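Observations on the three-dimensional arrangement
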Amino acid sequence: MEYSLHFGAVWASFDRLLSGLAIGLALAVVAVAIGTVLGLLAAFAAVSPYRPLRSLAGLYVALIRNLPLLVLVLLAYFALPQIGIALDKYQSFAGALALYSGAYLTEVFRAGLLSVPKGVIEAARSIGLTRLQTNVSVVAPIMLRNALPSLGNTFIGMFKDSSIAAAIAVPELTFEARKINVDTFRVIETWTVASGLYIAACVVIAALLRGLERRFPKF
Amino acid sequence: MNKPQPLLAIRGLTKQFGAVEVLKGVDLDLNQGDVVSIIGSSGSGKTTLLRCVNLLEEYQGGDIVLDGETIGYRSANGRRHRLGDRELSRQRAMTGMVFQSFNLFPHLSAAGNVMLGLRKVLKLPKAEARAIAEKWLARVGLAARADHYPSQLSGGQQQRVAIARALAMNPKLVLLDEVTSALDPELVQEVLNTVKGIAEDGATLLIVTHEMRFARDVSSRVVFMEQGRIHEEGPAAEIFGNPKSARLAEFLRNTRH
Amino acid sequence: MQAFLDQLWIARWPLWDGLLLTAGIAAAAIAFGTLLGGIVGVQLAYAPWWLRLPFRLYVDIMRGTPVLVLILAAFYIPAVAGLSLGPTEAGTLALTLFAGAHIGELLRGSLQAIPPGQAEAGRSIGLTFPQLLAYVLLPQAARSALPPWINTGVELIKGSSLLSIIGVGELLLRTQEVIGRTFMTIQFYIFAGIVYLVINIALDQLGKSLERRVGQH
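Residues numbered from 1 in each chain as written. Chains lettered and ligands numbered in written order. Predicted model: local features only at pLDDT ≥ 70, side-chain atom pairs only at ≥ 80, totals over all residues.

In the nomenclature of an unreviewed UniProt entry, chain C is known as Amino acid ABC transporter permease of Bosea minatitlanensis. According to UniProt, the comment filed for chain C under the heading Function (unreviewed entry) is "Part of the binding-protein-dependent transport system for glutamine; probably responsible for the translocation of the substrate across the membrane." The record in UniProt for chain C states the following under Sequence similarities (unreviewed entry): "Belongs to the binding-protein-dependent transport system permease family. HisMQ subfamily." (UniProt positions renumbered as here; feature names shortened; annotations may be inferred.)

In the nomenclature of an unreviewed UniProt entry, chain A corresponds to Amino acid ABC transporter permease from the organism Bosea minatitlanensis. Comment text from UniProt for chain A, heading Sequence similarities (unreviewed entry), reads "Belongs to the binding-protein-dependent transport system permease family. HisMQ subfamily." Under the UniProt heading Function (unreviewed entry), the note attached to chain A is "Part of the binding-protein-dependent transport system for glutamine; probably responsible for the translocation of the substrate across the membrane."

Written out as structure tokens, the structure is:
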């Protein structure tokens, strides 16, 4: 079979790919923002002296990390309405991705918590900070800085996983690419451009993160 | 005439780490303005004693009374109960502690380190906390470094910030735990001079140290600990000049080369 | 509940077939991916830069592209290139390429973490480079790469669910077909979730016990 490359048909729809990319990024931002809150709560629970809290955090991580994201997404979109919770496709995907990223971030923050020197925590207790004040004013800032590189990697991972929203017809980059592929039959061109956009976005995000890491001094 | 009530009274303090008895009944009084140094070989329990006074360690027996208040535990129906987090925090704020390894907050500037307790524990407004922090940083000779981060300071400077952080809280008592042990030799003197300065200002200090000459210079009283007990105590001149027990004499021989 | 169990009984064989396909796809991808990753990792760690470049490019493209895009590309592209590849083969190919890149990268990390004294000691007793690799370097790297390698297996089991999107009759697609017939959406999705959970946790435990066994030295 003869096949020669013609990118024209793909460039004609490039704006759709770009808007798809923006939707994917937005989904990842919302999900990781919520996931950060979930991950922080679960990480503090995971290192707390109370056994039930530790078990709960462990259960959350083990449950979510071992489930395919697509199953979570389909549950949120198709199954929740059955028990009276109707979310639109954006909400259900962002919710599923938030829950998913929260489990990964729990591990990231837990490692960050263990990296805070014991002596620094004692110094905070010594000047009379309560346990909560110590966690908020001393432990969390140090831990967040130490966790920044892993936090960035998790964000990149979640951005790539936003492609799975295509399965419930969210018009993000992968969904648009598939449509252009079917409409134009410019198969190689479409997937080259789509993949190139993902890679370019990942490279840009990684560079921004490195800039952020430089801006805050490492402890 | 009533004897004045001591600022700190430690009564029959015992502590175990598992099966190991670290403190075997320690009694010690400090009056307002006293500067007491604790000397002794490593493992004698002196650092643990300090950490108990700052309520960083739990202890199994005895009482610590600070300015008339029994701290750390309450007794009910003949049983001891560790106090809650809020009470412990309030009591810890009454003593300041300076650690061997500085333990500055790495994410805060020198001024930020001093201000944290003033803002969060004493609830002072920001401007007032800043003014107090600057005053204390000036007192330890670091006025120009207020906005430097710990990673930008030398070990000696970090330790002086830690001293300012402890003193800015206006504690009744300051605990110093081997504050020069982690320093390079050329940085030791600046920290010792700072401690000497605050002693002359009239602060009440309980010091654990390996610097015998410093202990002799600065202390009103010296305590020699050995195997979890106070083995000998007395005025500095007497402890160093005329040790009574053979054990203390031997310890001093081994530390003074 | 009884209605669900009845339907589950009726659907037991399609679901079982789906499960076998899921396991088969993941097993094939980890097996071929490990072979591929072994070559890639060694090249990335030891090859001269001009030889390393194409491998680096391959790894970075695979790691920068979502798995679903790899799967769709593998599904659509072979046809226009004149190859006939069924959805199962295409999907397995995509997962293999993905696994090869990941395993290559983690093997490179493990190889480079070995102290240089090991290679020097091997050379000093006269080992050739392939011998050095086989008897000194790879055994040590394999040990430290074991936990992330097992984790790649878990990721492949999870990733294989994406093949349902291109119509591969693995566990998730079979589940969706059953749901289409019974309308028991929550029940069957949760059932599928539990099956994935059981496989992955079992894999995880297997990894941990392997780790304990080879970890003692």
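**Considerations on the overall build of chain A**
Of regular secondary structure, chain A possesses 9 helices and 0 strands. Its helices and strands taken in sequence order, chain A reads α-α-α-α-α-α-α-α-α from the N to the C terminus. Counting only C-alpha atoms, chain A reaches 75 × 45 × 25 Å along its principal axes. Of all 219 residues assigned to chain A, the portion counted as buried reaches 49%. Counting only contacts in chain A whose residues sit at least 6 apart along the sequence, the fraction spanning at least 24 positions is 75%. (Helix = DSSP H or I, 4+ residues; strand = E, 2+ residues; numbered from the N terminus. Buried ≥ 20, exposed ≤ 12 C-beta atoms within 10 Å, placed from the backbone. Contact = placed C-beta atoms within 7 Å.)

**Quick word on the overall build of chain C**
Regarding its fold elements, chain C presents 9 helices and 0 strands. Counting helices and strands in the order they occur from the N terminus, chain C gives α-α-α-α-α-α-α-α-α. Taken over the C-alpha atoms alone, chain C extends approximately 70 × 45 × 25 Å along its principal axes. A total of 217 residues make up chain C; the buried ones form 41% of that total. Restricting the contact set of chain C to residue pairs at least 6 apart, pairs at least 24 apart contribute 76%.

**Details of the interface of chain B and chain A**
Listed by partner, the interface residues are 23 residues for chain B and 19 residues for chain A. When residues of the side of chain B that touches chain A are traced back to their parent elements, those giving at least two are α2 (85-92) and α3 (110-120) of chain B. If you tally residues by element for the side of chain B that touches chain A, the top one is α2(B), at 5 residues.

**A short note on the arrangement of the chains**
Taken together, the 2 pairs of chains in contact show their highest number of contacts between chains A and C. The two units chain B and chain C are non-contacting; their minimal C-alpha-C-alpha distance is 28 Å.

**A closer look at the sheet that holds strand β9 (residues 173-177) of chain B**
All names here are of chain B. Ordered in space as β8-β9-β10-β3-β11-β12, the 6 strands form an open sheet in which the pairing is mixed. Taken across any chain shown, the strands that pair with only one partner, and hence form the sheet edges, are β8 (95-98) and β12 (229-234). Adjacent strand axes in the sheet meet at a mean angle of 20° when their direction is disregarded. Pairing of strand β3 (residues 35-39) with strand β11 (residues 221-226), which is carried by 4 bridges, proceeds in the parallel orientation. Directly across from Ile39, in β11, lies its bridge partner Phe224. (Pairing = 2+ DSSP bridges. Axes fitted to C-alpha atoms, helices over the stretch in contact; angles between N-to-C directions.)

**Section: the nonpolar core**
Counting residues in hydrophobic clusters, the biggest one holds 207 residues, and the most contacted among them are A:Val71, A:Leu72, A:Val73, B:Ala133, B:Leu137 and C:Ile71. If one sorts the elements of this core by residue count, helix α5 (residues 89-114) of chain A sits on top with 13 residues. Apart from residues no more than four positions distant in its own chain, C:Ile71 is found in contact with C:Gly91, C:Ala94, C:Leu162, C:Leu163 and C:Ile166. (Core = buried A, V, L, I, M, F, W, Y, C linked by C-beta atoms within 7 Å.)

**Observations concerning the environment of C:His102**
Residue and element names in this part refer to chain C. Note that His102 resides in helix α5 (residues 87-113). Looking at His102, the number of C-beta atoms within 10 Å reads 22, which means it is buried. Along the primary structure His102 and Asp60 are separated by 42 residues, whereas in three dimensions their C-alpha atoms are 9.6 Å apart.

**Focus: the sheet that holds strand β5 (residues 69-70) of chain B**
All names here are of chain B. Taken together, 4 strands build an open sheet; the order of strands is β2-β1-β4-β5 and the sheet is antiparallel. Every other strand in the sheet has two partners, leaving β2 (20-30) and β5 as the edge strands with one partner each. With 5 bridges joining them, strand β1 (residues 8-17) and strand β4 (residues 61-66) adopt antiparallel strand pairing. If you follow Thr14 over to β4, its bridge partner there is Gly61. Strands β1, β2 and β4 of the sheet are contacted by helix α1 (residues 46-53), whose axis makes an angle of about 65° with β2.

**So, the environment of C:Phe191**
Following the sequence through the fold, C:Phe191 ends up in helix α9 (residues 185-215). Along the chain, C:Phe191 and C:Thr175 lie 16 residues apart, while their C-alpha atoms are 8.7 Å from each other.

**Considerations on the UniProt feature "transmembrane region" (unreviewed entry) in chain A**
Residues and elements named next belong to chain A. UniProt marks residues 20-47, 59-80 and 191-209 with the feature "transmembrane region" (unreviewed entry), using the numbering shown here. With 96% helix and 0% strand, residues 20-47 has its two end C-alpha atoms placed 39 Å apart. Segment residues 191-209 splits into 100% helix and 0% strand. End C-alpha atoms: 27 Å apart.

**So, the UniProt feature "domain: ABC transmembrane type-1" (unreviewed entry) in chain C**
With numbering aligned to this structure, UniProt lists the feature "domain: ABC transmembrane type-1" (unreviewed entry) at residues 19-207 of chain C. Note that residues 19-207 of chain C is 85% helix and 0% strand, and that its end C-alpha atoms are spaced 21 Å apart.

**So, helix α3 (residues 51-65) of chain A**
All names here are of chain A. Across its 15 residues, α3 extends 21 Å between first and last C-alpha, which sits within 8% of the 21 Å expected from 1.5 Å per residue. All of the buried residues in α3 are Ala57, Tyr60, Val61, Ile64 and Arg65. One face of α3 carries all of its buried residues, which in axial projection span an arc of 105°. Of the residues in α3, the exposed ones pointing more than 90 degrees away from the buried face are Arg51, Pro52, Ser55 and Leu59. (Expected span 1.5 Å × (residues − 1). Arc of directions from axis to C-beta.)

**Things to note about the environment of A:Ala46**
Residues and elements named next belong to chain A. Topologically, Ala46 is positioned in helix α2 (residues 14-46). Using a count of 22 C-beta atoms within 10 Å as the deciding quantity, one classes Ala46 as buried. Put simply, Ala46 and Gly24 are 22 residues apart on the chain and 31 Å apart in space, counted from C-alpha to C-alpha. Those residues in contact with Ala46, other than ones at most four positions away along the chain, are Arg54, Ala57, Gly58, Thr106 and Arg110.

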